Amino acid sequence: MITDTTSWPSPAKLNLFLYITGRRDNGYHELQTLFQFLDHGDELTITANDSGEITLSPEIPGVPLQDNLIWKAATALQKQSGCQWGAHINLNKVLPMGGGIGGGSSNAATTLVALNHLWQINISEDELAEIGLKLGADVPVFTRGFAAFAEGVGEQLTKAEPDEKWYLVVRPDVSIATVDIFTHPELTRNTPKRALATLLDSDYGNDCEKIVRMLYQEVDKQLSWLLQYAPSRLTGTGSCVFAEFSSKSEAQNVFEKLPDTVSAFIAQGKNTSPLHETLAKYQLAHKQSI
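Computed from a predicted model, the values in this text were never measured in an experiment. (Residues numbered from 1 in each chain as written. Predicted model: local features only at pLDDT ≥ 70, side-chain atom pairs only at ≥ 80, totals over all residues. Heavy atoms only, no water.)

**Notes on the UniProt feature "active site" (unreviewed entry) in the protein**
Here's step 1: Summarizing the sequence annotation, UniProt attributes the feature "active site" (unreviewed entry) to Lys 13 and Asp 138 in the numbering used throughout. For the annotated residues, spread through 126 residues, the largest C-alpha to C-alpha distance comes to 9.7 Å, consistent with a single compact locus.
Here's step 2: Judged by its relative accessible area of 3%, Lys 13 is buried.
Here's step 3: For Lys 13, the residues in contact, after removing those within four places along its chain, are Phe 35, Gln 36, Phe 37, Gly 100, Ile 101, Gly 102, Asp 138, Phe 142 and Thr 235. (UniProt positions renumbered as here; feature names shortened; annotations may be inferred. Buried < 20%, exposed > 50% of the residue type's maximum accessible area, 1.4 Å probe, protein only. Contact = heavy atoms within 4.5 Å.)

**Topic: the packing of aromatic side chains**
Here's step 1: Scanning all chains against the criterion turns up 7 aromatic pairs.
Here's step 2: Measuring from ring centre to ring centre gives 4.7 Å for Trp 8 and Tyr 282, while their planes differ by 55 degrees; the resulting arrangement is tilted. In this pair, Trp 8 is assigned in strand β1 (residues 5-23) and Tyr 282 in helix α10 (residues 274-289), connecting sequence segments 274 residues apart.
Here's step 3: A residue is classified by how much of its surface remains accessible, and Trp 8, at 0% relative accessible area, is buried.
Here's step 4: Ring centres 5.6 Å apart and planes at 85 degrees place the aromatic pair Tyr 167 and Phe 242 in the edge-to-face group. Of this pair, Tyr 167 sits in strand β7 (residues 166-171) while Phe 242 sits in strand β9 (residues 241-245), and the two are 75 residues apart along the sequence.
Here's step 5: Assessed through its relative accessible area of 1%, Tyr 167 is described here as buried.
Here's step 6: Put simply, the rings of Phe 17, Tyr 19, Phe 149 and Tyr 204 pair up and form one aromatic cluster.
Here's step 7: Across the ring face of Tyr 282, the terminal group of Lys 281 is positioned such that the distance to the ring centre comes to 5.2 Å. (Phe/Tyr/Trp six-rings, centres within 6.5 Å; stacked < 30°, edge-to-face > 60°. Helix = DSSP H or I, 4+ residues; strand = E, 2+ residues; numbered from the N terminus. Lys NZ or Arg CZ within 6 Å of the ring centre and 35° of its normal.)

**Here's the deal with the side chain of Thr 191**
Here's step 1: Secondary-structure assignment places Thr 191 in the loop between α5 (178-182) and α6 (196-200).
Here's step 2: Of the polar contacts made by the side chain of Thr 191, one reaches the side chain of Asp 207; its length is 2.7 Å. (Polar contact = N/O pair within 3.5 Å; in protein donor to acceptor, adjacent residues only side chain to side chain.)

Structure (structure tokens):
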């Protein structure tokens, strides 16, 4: 067990495109989507200990400990591995909840990857992804740590290398429930499946965007505003919208035009997760100290 206090990034993600290609008998939707990480997100500071307990700070109002994805991830890893160790985890929350940029899923994945290292369990990437999938559909993308093309219901992942562009991400002040979008009668559910090479070479879109814009005036307003300046769209089914740029300075120019009342940030797309860059650094330091 590594008892040093260590800090781990919990990055945001964008769905650069999202197409719904069918619906299964069980109600789940077949999709094709492209995930890319951002160099912006929450941070988890973790101290492993021998208490066997998982403690968290600060408390999140309205979220009981047993419902917290960080706690769920840590206890699932304990159970799967038979590990007797514990940990104290402090969350510095930056990403909005319900924004469609992966906050909770990313927190769960960071917990799994970090504790797998700190407790020196060393279970495989596939096992971590399996544990993650039980916590949420997007968790395996974060545990694997590479930009990915996802198919099926989101569980079939293929490594992808989209351009690492700069993004201006804007969060309208609404929270959107995924179930409301996926159950909407007017949602497009028959977009033809296409090969990844074809999709990467086409204009990107999001089949959920039309419904979200129709239901949430604030999202429609922000997206209309961004589209004046750059290609822009919704990410996932959440409320965040993003505009893409080839340089940070171009993104900054548009960011400065936003009113002060709007919540927004600038970040660069990353095909390797900042979490896995940090893991590699800690693994190297551990090897050198042995």
